[in-house]
Amino acid sequence: MPVSLAPATAPDQSDRNYVTALARGLDVLSCFRSGEKLLGNQDIAKRCGLPKSTVSRLTHTLTLLGYLIHVPDEGKYRLGTSTLALGSAMLSGMDVRKLARPLMHKLSDLTQTEVALATRDRHNMLYIEHSPSPLPMDSDLNIGTRLPLGTTAIGRAWLAACPLGERQQALAYLQAHAPDQWAAVEQQQHQWPQHQDSPHPWLTTSFGDWLPHVNAIALAFSPGRGLPLMAISCGGPSRLISSDMLLHRAKPELERMVRRLQQAIYRA
């Protein structure tokens, strides 16, 4: 299923200003996920839900523009330098990452957990900063990683904290495009704040809900300055990081870290 930094709501088909061809091109680019180097037209067509002939025209155009690179020996495509330029420009504009980085490293050291900063990307959470655990965890998570919105602590923190109307739109998107995630949050949403007009922090958990052997907690916050709602998580494999440790030792440290980050953002 495609993911991108495009708005998460479904387009209004009656919107005369909506450019379908542009949206399809962006969907093609967003098919590439963290750790994937090459995709063929058939792979992209399946993820986008488009005819292969349409995808072939889109990949040809995107290759001419430098957003994709064709690899003849494989008959597939990889992301081009024009895409890298866009991503680099976006990340460099997020000063919150620079402010969060030392605080995240400190939290990792104090709790012996992996710490991540992410924001929503349709039915996923996109890592924009990451601090590995001091413990050997054999994790392949890093900046650019996408995790499910509905089954991870970091995604649930975003859902719980965002304004009610935005949450309802996100849940409707999950129900339509990621029913497995919708089923995971359907029974939880009644626990979250139901009447709010502005982001409100709400600690969330995922103890084996995303992956059976992974535990995590998370808290969301608003960085302001036109940036989207973000969330920070800490966790790791359950053999090393117990749910009890996260709730009793890591929770106060995570809450303190988020408060300090918000203060640093305010002063910057």
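For the structure, see preceding data.
Just so we're clear, the structure is a prediction, and the values are computed from it rather than from any experiment. (Residues numbered from 1 in each chain as written. Predicted model: local features only at pLDDT ≥ 70, side-chain atom pairs only at ≥ 80, totals over all residues. Heavy atoms only, no water.)

(A) Quick peek at the overall build of the protein chain. Scanning the protein chain for helices and strands turns up 9 helices and 8 strands. Within the span of the protein chain, comprising 268 residues, buried residues form 46% of the whole. A fraction of 60% describes how many contacts in the protein chain between residues 6 or more apart in sequence connect residues 24 or more apart. Counting only carbon and sulfur atoms, one obtains 53% of the accessible surface of the protein chain, whose full area is about 13,800 Å². (Helix = DSSP H or I, 4+ residues; strand = E, 2+ residues; numbered from the N terminus. Buried < 20%, exposed > 50% of the residue type's maximum accessible area, 1.4 Å probe, protein only. Contact = heavy atoms within 4.5 Å. Areas by Shrake-Rupley, 256 points an atom, 1.4 Å probe, with all protein chains shown as cover.)

(B) Quick peek at the packing of helix H5 (residues 95-111) against helix H9 (residues 243-267). Where H5 contacts H9, the two axes come as close as 10 Å, and the packing angle between them is 160°. In this view, H5 runs roughly antiparallel relative to H9, as classed from their interaxial angle. The handedness of the crossing between H5 and H9 comes out as right-handed. Contact residues: H5 offers Val-96, Leu-99, Ala-100, Leu-103, Met-104, Lys-106, Leu-107, Leu-110 and Thr-111, while H9 offers Met-245, Arg-249, Ala-250, Glu-253, Leu-254, Met-257, Arg-260, Leu-261, Ala-264 and Ile-265. Residues that form the contact of H5 with H9 fall into these classes: 14 nonpolar, 1 polar and 4 charged. (Axes fitted to C-alpha atoms, helices over the stretch in contact; angles between N-to-C directions. Parallel < 35°, antiparallel > 145°, perpendicular 65-115°, else oblique. Left-handed = near helix turned anticlockwise from the far one by under 90°. Nonpolar A, V, L, I, M, F, W, Y, C, P; charged D, E, K, R; others polar.)

(C) Region of interest: unusual backbone geometry. Here the phi dihedral of Gln-112 falls at roughly 60°; this positive angle occurs in a residue that is not glycine. Relative accessible area serves as the criterion here: at 25%, Gln-112 is assigned to the partly exposed category. The backbone of Arg-122 shows a phi angle near 55°, a positive value even though the residue is not glycine. Assignment of secondary structure puts Arg-122 in the loop between strand E3 (114-121) and strand E4 (124-131).

(D) Broad picture of the sheet that holds strand E7 (residues 214-221). Here we have 6 strands laid out as an open sheet, ordered E5-E4-E3-E8-E7-E6, and antiparallel in their pairing. The sheet is open, and its two edges are formed by strand E5 (146-148) and strand E6 (204-207), each paired on a single side. If you compare each strand with its neighbour and ignore which way they point, the axes differ by 30° on average. The pairing of E3 with strand E8 (residues 230-237) spans 6 bridges and is antiparallel. Considered in E8, the bridge of Glu-114 is made with Gly-235. Along the sheet face, H5 touches E3, E4, E7 and E8 and points at about 70° away from the line of E4. (Pairing = 2+ DSSP bridges.)

(E) A look at the nonpolar core. The biggest cluster of nonpolar side chains holds 27 residues, and the ones touching the most others in it are Met-125, Tyr-127, Ile-154, Trp-158, Leu-159, Leu-174 and Val-185. Residue assignment for this core shows that the elements contributing at least two residues are E3, E4, helix H6 (153-161), helix H7 (164-177), helix H8 (179-186) and E7. The greatest single-element share of this core, amounting to 7 residues, is contributed by H6. Setting aside anything within four residues of it in sequence, one finds Trp-158 in contact with Arg-120, Met-125, Leu-149, Glu-166, Ala-170, Ala-220, Leu-229 and Ala-231. Counting 24 residues, the second largest nonpolar core, distinct from the first, contains Ala-100, Leu-117, Phe-221 and Ile-241. (Core = buried A, V, L, I, M, F, W, Y, C linked by side-chain atoms within 4.5 Å.)

(F) Molecular detail of the packing of helix H1 (residues 20-30) against helix H3 (residues 52-64). Following both chains from N to C, one finds H1 and H3 inclined at 80°, their axes separated by 10 Å at the closest point. By the angle class used here, H1 and H3 are roughly perpendicular. Here Ala-21, Arg-24, Gly-25, Val-28 and Leu-29 of H1 come into contact with H3, specifically with Thr-54, Leu-58, Thr-59 and Leu-62. Broken down by class, the residue content of the contact of H1 with H3 amounts to 5 nonpolar, 3 polar and 1 charged.

(G) View of helix H2 (residues 41-48). What H2 keeps buried is the set Asn-41, Ile-44, Ala-45, Arg-47 and Cys-48. Buried residues of H2 fall within an arc of 165° about the axis and therefore sit on the same side. The outward face of H2, more than 90 degrees from its buried face, is lined by the exposed residues Gln-42 and Lys-46. Turning to H2, the residues buried within the fold contact H1, H3 and strand E2 (76-79). (Arc of directions from axis to C-beta.)

These results come straight from atomic positions and should not be treated as a statement about function.
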